[in-house]
Amino acid sequence: MKIAVWDTYVNRKDGFLMHFDILVPDNIKDENQVLGYGKKYLNTKSFDTSNLTSDECRFCHIEKASPELIRLIQTQGYAIIEMENCH
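Note that the structure is predicted; figures quoted are calculated from it, not measured. (Residues numbered from 1 in each chain as written. Predicted model: local features only at pLDDT ≥ 70, side-chain atom pairs only at ≥ 80, totals over all residues. Heavy atoms only, no water.)

Caption draft 1: Spatial organisation of the environment of E84. With respect to the helices and strands, the residue E84 is situated in strand β4 (residues 79–84). On the accessibility criterion, E84 (43% relative accessible area) is partly exposed. Here the alpha-carbon distance between E84 and H61, two residues 23 residues apart in the chain, equals 19 Å. Setting aside residues no more than four positions away along its own chain, E84 makes contact with L17, M18 and H19. (Helix = DSSP H or I, 4+ residues; strand = E, 2+ residues; numbered from the N terminus. Buried < 20%, exposed > 50% of the residue type's maximum accessible area, 1.4 Å probe, protein only. Contact = heavy atoms within 4.5 Å.)

Here it is as structure tokens:
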């Protein structure tokens, strides 16, 4: 499975900058759908963040998914890779 990687940076209200990737099947081109996945992820966090818009989330590249990512994407439609300041 090929996946689209959306590079995402969101300001936390405590001053930290979150960096995470939203991974979706490569046939998903609807930016609003990808942003919806990102907002759903942000709602699971115990801290407040700024709004997630297309200014913070941009398509980056296509890559081949690992078996673990394929399972996540098949289960929930997307996957998140936490990079920085996500906890």
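Caption draft 2: Looking closely at the packing of aromatic side chains. Applying the stated criterion across every chain, the model contains 3 aromatic pairs. Geometrically, the ring pair formed by F20 and Y41 is tilted, given 4.7 Å between the ring centres and 55° between the ring planes. One end of the pair, F20, is in strand β2 (residues 17–25); the other, Y41, is in helix α1 (residues 31–42), with 21 residues separating them in the sequence. For the residue pair F20 and Y41, the accessibility class agrees, reading buried in each case. Ring geometry for Y37 versus Y78: centroids 4.4 Å apart, planes at 15°, classification stacked. Taken together, the residues Y37 in helix α1 and Y78 in the loop between α2 (67–76) and β4 connect sequence positions 41 residues apart. Like Y78, Y37 is buried. Between R12 and the ring centre of F47, over which it is positioned, the NZ or CZ distance is 3.8 Å. (Phe/Tyr/Trp six-rings, centres within 6.5 Å; stacked < 30°, edge-to-face > 60°. Lys NZ or Arg CZ within 6 Å of the ring centre and 35° of its normal.)

Caption draft 3: Just the nonpolar core, in detail. Of all hydrophobic cores here, the largest spans 19 residues; its most connected members are F20, I22 and V24. Where this core is concerned, the elements lending two or more residues are β1 (2–11), β2 and α1. In terms of residues, this core owes the most to one element, α1, which gives 5 residues. Here V24 is in contact with I3, A4, W6, V34, Y37, G77 and Y78, once residues within four sequence places are set aside. Membership of the second largest hydrophobic core comes to 7 residues, among which are I3, V5, L23 and A65. (Core = buried A, V, L, I, M, F, W, Y, C linked by side-chain atoms within 4.5 Å.)

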